[in-house]
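The chain contents come next:
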Amino acid sequence: MIGTTNQDSSGGLTVTTDVLTGSRLEELLGDEAESLLQHRCETIDASQLHLPGPDFVDRVFVDTDRSSQVLRNLEWLYHSGRLSGTGYVSILPIDQGIEHSGGASFAPNPIYFDPDNLVRLAIEGGCNAIASTVGVLGAVSRKYAHKFPFIVKLNHNELLTYPNAYDQVMFSSVQRAWDMGAAGVGATIYFGSDESRRQIVEVAHAFEEAHRLGLFTVLWCYLRNPAFSQDVDYHLAADLTGQANHLGVTLQADIIKQKLPETNGGYMAVSALNGSYGKTSKLVYEKLTTDHPIDLTRYQVANCYLGRAGLINSGGASSGATDLAEAVRTAVINKRAGGTGLISGRKAFQRPMSEGVELLHAIQDVYLSEQVTVA
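What counts as what
- Residues numbered from 1 in each chain as written.
- Predicted model: local features only at pLDDT ≥ 70, side-chain atom pairs only at ≥ 80, totals over all residues.
- Heavy atoms only, no water.
- UniProt positions renumbered as here; feature names shortened; annotations may be inferred.
- Helix = DSSP H or I, 4+ residues; strand = E, 2+ residues; numbered from the N terminus.
- Polar contact = N/O pair within 3.5 Å; in protein donor to acceptor, adjacent residues only side chain to side chain.
- Contact = heavy atoms within 4.5 Å.
- Buried < 20%, exposed > 50% of the residue type's maximum accessible area, 1.4 Å probe, protein only.
- Pairing = 2+ DSSP bridges.
- Core = buried A, V, L, I, M, F, W, Y, C linked by side-chain atoms within 4.5 Å.
- Salt bridge = Lys/Arg side-chain N within 4 Å of Asp/Glu carboxyl O.

Per an unreviewed UniProt entry, the recorded name for the chain is fructose-bisphosphate aldolase, and the organism is Baekduia soli. The heading Sequence similarities (unreviewed entry) in the UniProt record of the chain holds the text "Belongs to the DeoC/FbaB aldolase family. FbaB subfamily."

Below is the structure:
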(Lines give C-alpha, C1' and ligand atoms only; values in the text may rest on other atoms or scores of the structure.)
Protein backbone atom coordinates (compact mmCIF):
# COMPACT_ATOMS: atom_id res chain seq x y z
CA MET A 1 0.00 0.00 0.00
CA ILE A 2 1.28 3.49 -0.79
CA GLY A 3 0.26 6.06 1.84
CA THR A 4 -3.48 5.99 1.19
CA THR A 5 -5.34 9.20 1.99
CA ASN A 6 -8.73 9.77 3.60
CA GLN A 7 -10.76 12.75 4.80
CA ASP A 8 -11.13 13.15 8.55
CA SER A 9 -14.25 14.57 10.19
CA SER A 10 -12.89 18.11 10.05
CA GLY A 11 -12.17 17.93 6.33
CA GLY A 12 -8.40 17.68 6.80
CA LEU A 13 -6.20 15.04 5.26
CA THR A 14 -5.07 12.03 7.26
CA VAL A 15 -2.47 9.87 5.58
CA THR A 16 -1.32 6.41 6.54
CA THR A 17 2.39 5.71 6.69
CA ASP A 18 2.50 2.28 5.12
CA VAL A 19 5.84 1.58 3.49
CA LEU A 20 5.78 0.68 -0.19
CA THR A 21 5.47 -3.10 -0.45
CA GLY A 22 7.91 -5.06 -2.56
CA SER A 23 5.28 -6.23 -5.03
CA ARG A 24 3.93 -2.71 -5.54
CA LEU A 25 7.43 -1.34 -5.96
CA GLU A 26 8.26 -3.91 -8.60
CA GLU A 27 4.96 -3.22 -10.34
CA LEU A 28 5.78 0.51 -10.57
CA LEU A 29 9.32 -0.17 -11.84
CA GLY A 30 7.95 -2.54 -14.48
CA ASP A 31 10.51 -4.14 -16.80
CA GLU A 32 13.32 -2.25 -15.05
CA ALA A 33 12.56 -3.73 -11.61
CA GLU A 34 15.29 -6.37 -11.58
CA SER A 35 17.87 -4.10 -13.18
CA LEU A 36 17.25 -1.25 -10.74
CA LEU A 37 16.75 -3.27 -7.55
CA GLN A 38 19.47 -5.90 -8.07
CA HIS A 39 22.18 -3.82 -9.71
CA ARG A 40 25.60 -3.94 -8.09
CA CYS A 41 27.74 -0.85 -8.60
CA GLU A 42 31.31 -1.79 -9.54
CA THR A 43 32.55 1.66 -10.48
CA ILE A 44 32.90 3.63 -7.23
CA ASP A 45 32.39 1.38 -4.22
CA ALA A 46 29.74 2.41 -1.71
CA SER A 47 32.32 2.07 1.09
CA GLN A 48 34.03 5.18 -0.28
CA LEU A 49 30.89 7.32 0.04
CA HIS A 50 29.63 9.45 2.92
CA LEU A 51 26.16 7.90 2.98
CA PRO A 52 23.00 9.38 4.52
CA GLY A 53 22.14 8.26 8.03
CA PRO A 54 20.70 9.48 11.34
CA ASP A 55 24.12 10.83 12.36
CA PHE A 56 24.95 12.59 9.08
CA VAL A 57 25.33 16.07 10.56
CA ASP A 58 27.54 14.84 13.41
CA ARG A 59 29.49 12.48 11.17
CA VAL A 60 30.10 14.81 8.23
CA PHE A 61 29.15 18.44 8.80
CA VAL A 62 30.60 18.75 12.30
CA ASP A 63 34.12 18.69 10.78
CA THR A 64 33.38 21.60 8.44
CA ASP A 65 33.56 25.35 8.96
CA ARG A 66 29.75 25.54 9.32
CA SER A 67 28.63 27.37 12.44
CA SER A 68 26.53 25.86 15.22
CA GLN A 69 23.53 27.76 13.84
CA VAL A 70 23.95 26.13 10.41
CA LEU A 71 24.29 22.71 12.03
CA ARG A 72 21.13 23.35 14.03
CA ASN A 73 19.15 24.23 10.91
CA LEU A 74 20.52 21.19 9.07
CA GLU A 75 19.44 19.02 12.01
CA TRP A 76 15.98 20.58 11.78
CA LEU A 77 15.83 19.75 8.06
CA TYR A 78 16.96 16.15 8.59
CA HIS A 79 14.54 15.63 11.48
CA SER A 80 11.36 16.91 9.83
CA GLY A 81 8.62 15.03 8.01
CA ARG A 82 8.20 11.31 7.42
CA LEU A 83 11.91 10.83 6.73
CA SER A 84 12.91 12.33 10.08
CA GLY A 85 16.06 10.75 11.46
CA THR A 86 16.92 8.76 8.33
CA GLY A 87 19.41 11.17 6.78
CA TYR A 88 17.24 11.41 3.67
CA VAL A 89 15.17 14.40 2.59
CA SER A 90 12.02 14.99 0.56
CA ILE A 91 11.61 18.63 -0.46
CA LEU A 92 8.66 20.29 -2.21
CA PRO A 93 9.95 22.99 -4.63
CA ILE A 94 7.54 25.72 -5.75
CA ASP A 95 9.36 28.27 -7.88
CA GLN A 96 7.67 27.41 -11.18
CA GLY A 97 5.27 30.35 -10.91
CA ILE A 98 8.24 32.53 -11.83
CA GLU A 99 10.46 30.03 -13.65
CA HIS A 100 7.60 29.10 -16.02
CA SER A 101 4.45 31.10 -15.23
CA GLY A 102 1.62 31.09 -12.72
CA GLY A 103 -0.75 29.85 -15.41
CA ALA A 104 1.49 27.05 -16.64
CA SER A 105 2.09 25.93 -13.06
CA PHE A 106 -1.24 26.34 -11.28
CA ALA A 107 -3.96 26.27 -13.95
CA PRO A 108 -4.38 22.49 -13.48
CA ASN A 109 -5.10 23.10 -9.78
CA PRO A 110 -5.88 26.78 -9.03
CA ILE A 111 -5.94 26.32 -5.24
CA TYR A 112 -2.14 26.47 -5.42
CA PHE A 113 -2.18 30.12 -6.40
CA ASP A 114 -2.63 30.46 -2.61
CA PRO A 115 0.71 29.99 -0.80
CA ASP A 116 -1.04 28.53 2.24
CA ASN A 117 -2.12 25.50 0.22
CA LEU A 118 1.42 24.99 -1.05
CA VAL A 119 2.85 24.86 2.47
CA ARG A 120 -0.03 22.65 3.56
CA LEU A 121 0.79 20.22 0.75
CA ALA A 122 4.42 20.06 1.89
CA ILE A 123 3.49 19.44 5.53
CA GLU A 124 0.69 16.94 4.93
CA GLY A 125 2.79 15.33 2.22
CA GLY A 126 5.40 14.47 4.86
CA CYS A 127 8.19 16.57 3.34
CA ASN A 128 11.26 17.74 5.24
CA ALA A 129 10.96 21.27 3.86
CA ILE A 130 9.44 23.54 1.23
CA ALA A 131 11.56 25.59 -1.17
CA SER A 132 9.85 28.57 -2.76
CA THR A 133 10.00 32.25 -3.60
CA VAL A 134 10.30 35.04 -1.07
CA GLY A 135 6.74 36.03 -2.01
CA VAL A 136 5.19 32.61 -1.43
CA LEU A 137 6.97 31.97 1.86
CA GLY A 138 6.69 35.55 3.09
CA ALA A 139 2.92 35.44 2.61
CA VAL A 140 2.56 32.77 5.30
CA SER A 141 5.81 32.99 7.27
CA ARG A 142 4.27 33.98 10.61
CA LYS A 143 1.97 30.96 10.40
CA TYR A 144 4.54 28.34 9.46
CA ALA A 145 8.21 29.44 9.58
CA HIS A 146 8.66 28.50 13.24
CA LYS A 147 7.05 25.09 12.70
CA PHE A 148 8.37 23.86 9.36
CA PRO A 149 11.70 24.43 7.53
CA PHE A 150 11.52 27.13 4.84
CA ILE A 151 14.10 27.33 2.04
CA VAL A 152 13.93 30.71 0.31
CA LYS A 153 14.91 30.53 -3.36
CA LEU A 154 16.94 33.68 -3.95
CA ASN A 155 17.17 33.84 -7.75
CA HIS A 156 14.91 32.94 -10.65
CA ASN A 157 14.61 32.90 -14.41
CA GLU A 158 11.50 34.76 -15.60
CA LEU A 159 9.92 34.14 -18.99
CA LEU A 160 7.93 37.34 -19.47
CA THR A 161 10.73 39.13 -21.32
CA TYR A 162 10.32 39.05 -25.10
CA PRO A 163 12.01 37.28 -26.70
CA ASN A 164 12.35 34.82 -23.84
CA ALA A 165 15.73 35.01 -22.17
CA TYR A 166 17.33 32.53 -19.81
CA ASP A 167 19.17 34.09 -16.92
CA GLN A 168 18.96 33.60 -13.17
CA VAL A 169 18.61 36.99 -11.46
CA MET A 170 18.31 37.81 -7.77
CA PHE A 171 14.76 38.37 -6.52
CA SER A 172 15.57 38.43 -2.82
CA SER A 173 18.39 38.63 -0.26
CA VAL A 174 19.76 36.33 2.41
CA GLN A 175 18.92 38.95 5.02
CA ARG A 176 15.26 38.86 3.97
CA ALA A 177 15.24 35.07 4.25
CA TRP A 178 16.74 35.26 7.72
CA ASP A 179 14.24 37.94 8.77
CA MET A 180 11.28 35.69 7.90
CA GLY A 181 12.73 32.78 9.88
CA ALA A 182 13.90 30.56 7.03
CA ALA A 183 16.14 27.60 7.80
CA GLY A 184 17.97 27.72 4.48
CA VAL A 185 18.36 29.45 1.13
CA GLY A 186 18.51 28.10 -2.39
CA ALA A 187 19.78 29.37 -5.71
CA THR A 188 20.27 28.23 -9.30
CA ILE A 189 23.33 28.58 -11.52
CA TYR A 190 23.13 27.89 -15.25
CA PHE A 191 26.60 26.38 -15.59
CA GLY A 192 27.93 26.58 -19.14
CA SER A 193 25.91 29.69 -20.03
CA ASP A 194 27.30 33.12 -20.90
CA GLU A 195 25.78 34.43 -17.66
CA SER A 196 27.25 31.71 -15.43
CA ARG A 197 30.27 33.70 -14.25
CA ARG A 198 28.10 36.50 -12.90
CA GLN A 199 25.75 33.97 -11.31
CA ILE A 200 28.70 32.18 -9.67
CA VAL A 201 29.88 35.42 -8.07
CA GLU A 202 26.37 36.35 -6.88
CA VAL A 203 25.67 32.93 -5.42
CA ALA A 204 29.10 32.67 -3.79
CA HIS A 205 28.48 35.95 -1.94
CA ALA A 206 24.93 34.89 -1.01
CA PHE A 207 25.99 31.49 0.33
CA GLU A 208 28.79 33.04 2.37
CA GLU A 209 26.27 35.44 3.92
CA ALA A 210 23.80 32.61 4.51
CA HIS A 211 26.34 30.56 6.43
CA ARG A 212 27.34 33.65 8.42
CA LEU A 213 23.71 34.10 9.48
CA GLY A 214 23.24 30.39 10.24
CA LEU A 215 21.25 29.23 7.18
CA PHE A 216 22.09 26.11 5.18
CA THR A 217 22.44 26.32 1.39
CA VAL A 218 20.94 24.39 -1.53
CA LEU A 219 22.21 24.85 -5.09
CA TRP A 220 20.33 23.93 -8.27
CA CYS A 221 23.32 22.98 -10.49
CA TYR A 222 21.76 23.18 -13.93
CA LEU A 223 23.43 23.22 -17.33
CA ARG A 224 22.40 25.59 -20.09
CA ASN A 225 24.14 26.05 -23.43
CA PRO A 226 22.86 25.51 -27.00
CA ALA A 227 25.93 23.35 -27.68
CA PHE A 228 24.70 20.83 -25.12
CA SER A 229 21.51 20.22 -27.16
CA GLN A 230 22.46 17.86 -29.96
CA ASP A 231 20.99 14.59 -31.21
CA VAL A 232 21.32 13.59 -27.55
CA ASP A 233 20.55 16.08 -24.76
CA TYR A 234 23.91 16.51 -23.07
CA HIS A 235 22.35 18.78 -20.48
CA LEU A 236 21.66 15.40 -18.84
CA ALA A 237 25.14 13.91 -19.33
CA ALA A 238 26.74 12.42 -16.24
CA ASP A 239 30.16 13.90 -16.95
CA LEU A 240 28.89 17.47 -17.44
CA THR A 241 26.33 17.40 -14.63
CA GLY A 242 28.96 15.83 -12.39
CA GLN A 243 31.29 18.76 -13.01
CA ALA A 244 28.44 21.19 -12.35
CA ASN A 245 27.96 19.45 -9.01
CA HIS A 246 31.69 19.77 -8.30
CA LEU A 247 31.51 23.52 -8.94
CA GLY A 248 28.48 23.68 -6.65
CA VAL A 249 30.17 22.08 -3.66
CA THR A 250 33.12 24.39 -4.26
CA LEU A 251 30.68 27.23 -3.56
CA GLN A 252 29.90 25.44 -0.25
CA ALA A 253 26.43 24.27 -1.13
CA ASP A 254 25.32 21.96 1.67
CA ILE A 255 22.93 20.14 -0.66
CA ILE A 256 23.19 19.81 -4.45
CA LYS A 257 20.10 19.56 -6.60
CA GLN A 258 20.66 18.01 -10.01
CA LYS A 259 18.64 16.42 -12.79
CA LEU A 260 18.90 12.67 -13.13
CA PRO A 261 21.55 11.75 -15.73
CA GLU A 262 20.33 10.02 -18.87
CA THR A 263 23.50 9.86 -20.95
CA ASN A 264 27.25 10.47 -20.84
CA GLY A 265 30.10 11.70 -23.02
CA GLY A 266 29.15 15.36 -23.02
CA TYR A 267 32.74 16.57 -23.08
CA MET A 268 33.56 14.61 -26.24
CA ALA A 269 30.31 15.57 -27.97
CA VAL A 270 30.87 19.29 -27.44
CA SER A 271 34.55 19.01 -28.39
CA ALA A 272 33.53 17.40 -31.68
CA LEU A 273 31.58 20.52 -32.65
CA ASN A 274 34.50 22.90 -33.03
CA GLY A 275 37.69 21.67 -31.39
CA SER A 276 38.71 21.10 -27.78
CA TYR A 277 36.23 21.72 -24.96
CA GLY A 278 37.06 21.49 -21.28
CA LYS A 279 39.06 18.63 -19.79
CA THR A 280 38.13 15.10 -18.81
CA SER A 281 39.77 11.69 -18.43
CA LYS A 282 39.17 8.42 -20.23
CA LEU A 283 38.93 6.81 -16.79
CA VAL A 284 35.63 8.61 -16.25
CA TYR A 285 34.12 6.50 -19.03
CA GLU A 286 36.20 3.31 -18.72
CA LYS A 287 36.23 2.92 -14.93
CA LEU A 288 34.02 5.41 -13.06
CA THR A 289 30.80 5.07 -15.09
CA THR A 290 28.79 2.62 -17.15
CA ASP A 291 25.55 3.21 -19.04
CA HIS A 292 23.48 2.01 -16.05
CA PRO A 293 21.45 4.89 -14.52
CA ILE A 294 22.61 4.05 -10.98
CA ASP A 295 26.27 4.17 -12.03
CA LEU A 296 25.73 7.45 -13.88
CA THR A 297 24.08 8.93 -10.78
CA ARG A 298 26.84 7.61 -8.53
CA TYR A 299 29.28 9.68 -10.57
CA GLN A 300 27.14 12.71 -9.72
CA VAL A 301 27.37 11.75 -6.02
CA ALA A 302 31.14 11.33 -6.32
CA ASN A 303 31.45 14.89 -7.54
CA CYS A 304 29.63 16.07 -4.41
CA TYR A 305 32.80 15.29 -2.42
CA LEU A 306 31.81 11.61 -2.36
CA GLY A 307 28.54 12.49 -0.66
CA ARG A 308 29.74 15.03 1.90
CA ALA A 309 27.20 17.34 0.26
CA GLY A 310 23.98 15.44 -0.28
CA LEU A 311 22.73 14.91 -3.84
CA ILE A 312 19.01 15.33 -4.39
CA ASN A 313 17.66 14.62 -7.85
CA SER A 314 14.76 16.32 -9.59
CA GLY A 315 11.36 14.70 -9.84
CA GLY A 316 10.89 16.28 -13.25
CA ALA A 317 7.87 17.63 -15.09
CA SER A 318 4.39 16.21 -14.66
CA SER A 319 3.57 13.63 -17.33
CA GLY A 320 0.13 12.71 -16.01
CA ALA A 321 -0.68 9.06 -15.52
CA THR A 322 2.97 7.96 -15.37
CA ASP A 323 4.02 10.45 -12.66
CA LEU A 324 3.92 7.96 -9.80
CA ALA A 325 6.04 5.37 -11.59
CA GLU A 326 8.52 8.02 -12.77
CA ALA A 327 8.89 9.51 -9.29
CA VAL A 328 9.44 6.11 -7.67
CA ARG A 329 11.98 5.15 -10.35
CA THR A 330 13.95 8.37 -9.76
CA ALA A 331 13.90 7.81 -5.99
CA VAL A 332 15.18 4.24 -6.36
CA ILE A 333 18.03 5.36 -8.60
CA ASN A 334 18.98 8.24 -6.31
CA LYS A 335 18.93 6.13 -3.15
CA ARG A 336 20.81 3.17 -4.63
CA ALA A 337 23.43 5.55 -6.08
CA GLY A 338 24.10 7.01 -2.62
CA GLY A 339 22.02 10.15 -2.98
CA THR A 340 20.20 12.02 -0.23
CA GLY A 341 16.67 12.34 -1.57
CA LEU A 342 14.30 13.83 -4.06
CA ILE A 343 12.92 17.27 -4.80
CA SER A 344 9.58 16.95 -6.58
CA GLY A 345 7.07 19.72 -7.27
CA ARG A 346 4.96 19.67 -10.41
CA LYS A 347 4.20 15.97 -10.11
CA ALA A 348 2.66 16.74 -6.70
CA PHE A 349 0.90 20.09 -7.07
CA GLN A 350 -0.50 19.66 -10.57
CA ARG A 351 -3.09 17.22 -9.27
CA PRO A 352 -5.68 17.17 -6.42
CA MET A 353 -4.08 17.58 -3.01
CA SER A 354 -4.94 14.07 -1.82
CA GLU A 355 -3.21 12.60 -4.89
CA GLY A 356 -0.24 14.92 -4.43
CA VAL A 357 0.13 13.76 -0.84
CA GLU A 358 -0.02 10.15 -1.98
CA LEU A 359 2.69 10.72 -4.58
CA LEU A 360 5.00 12.44 -2.07
CA HIS A 361 4.47 9.55 0.34
CA ALA A 362 5.35 7.04 -2.36
CA ILE A 363 8.66 8.84 -2.94
CA GLN A 364 9.37 8.82 0.78
CA ASP A 365 8.41 5.15 1.03
CA VAL A 366 11.37 4.32 -1.22
CA TYR A 367 13.74 5.92 1.28
CA LEU A 368 11.99 4.17 4.18
CA SER A 369 12.07 0.79 2.44
CA GLU A 370 14.64 -1.77 3.63
CA GLN A 371 14.30 -3.48 0.26
CA VAL A 372 15.95 -0.54 -1.53
CA THR A 373 19.59 -0.53 -0.50
CA VAL A 374 22.68 1.37 -1.62
CA ALA A 375 24.18 -0.44 -4.62
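On we go.
Asker: What should I look at first to understand the side chain of Thr289 in this one?
Answerer: Note on placement: Thr289 falls in the loop between helix H14 (282-286) and helix H15 (293-302). A distance of 3.1 Å separates a polar atom in the side chain of Thr289 from a polar atom in the side chain of Asn264. In this structure the side chain of Thr289 is engaged in a polar contact, spanning 2.7 Å, whose partner is the backbone oxygen of Val284. Thr289 has contacts with Thr43, Asn264, Val284, Asp295, Leu296 and Tyr299, leaving out every residue within four places of it along the chain.

Asker: I'm lost on the pairing of strand E8 (residues 184-191) in this one. Help?
Answerer: Within a regular strand, side chains alternate between the sheet's two faces. With respect to burial, E8 is a largely interior element, eight of its eight residues being buried. Across the two faces of E8 the burial is the same, with Gly184, Gly186, Thr188 and Tyr190 and Val185, Ala187, Ile189 and Phe191 all buried. In terms of strand pairing, strand E5 (residues 150-153) meets E8 through three bridges, oriented parallel. Paired with Ile151 across the two strands is Gly184, which belongs to E8. Bridge analysis of E8 against strand E9 (residues 216-223) gives eight bridges, and the strand direction is parallel.

Asker: When you look at the nonpolar core in this model, what are you seeing that I'm missing?
Answerer: One recurring pattern in soluble globular proteins: nonpolar side chains tend to sit buried together. Core analysis: the largest hydrophobic core is formed by 60 residues, its most contacted members being Leu92, Leu121, Ile130, Phe150, Leu219 and Ile256. The dominant element in this core, judged by the number of residues it contributes, is helix H11 (residues 196-213), at five residues. Apart from the residues lying within four places of it in its own chain, the contact partners of Ile256 are Leu219, Cys221, Asn245, Gly248, Val249, Cys304, Gly310, Leu311 and Ile312. Of all hydrophobic cores here, the second largest spans 27 residues; its members include Leu324, Leu359, Ala362 and Ala375.

Asker: I would appreciate a short explanation of the pattern of salt bridges in the present structure.
Answerer: Once their charged atoms are close, side chains differing in charge can pair, the charge on each being opposite to the other. Counted according to the given criterion, the structure contains 16 salt bridges. One salt bridge in this structure joins Arg120 and Glu124, with 3.1 Å as the shortest N-O distance. With Arg120 and Glu124 both in helix H7 (residues 115-124) and four residues apart, this pair spans about one turn of that helix. Using a relative accessible area of 23% as the deciding quantity, one classes Glu124 as partly exposed. Because the salt bridges share partners, they merge into one network encompassing Asp65, Arg66 and Asp254.

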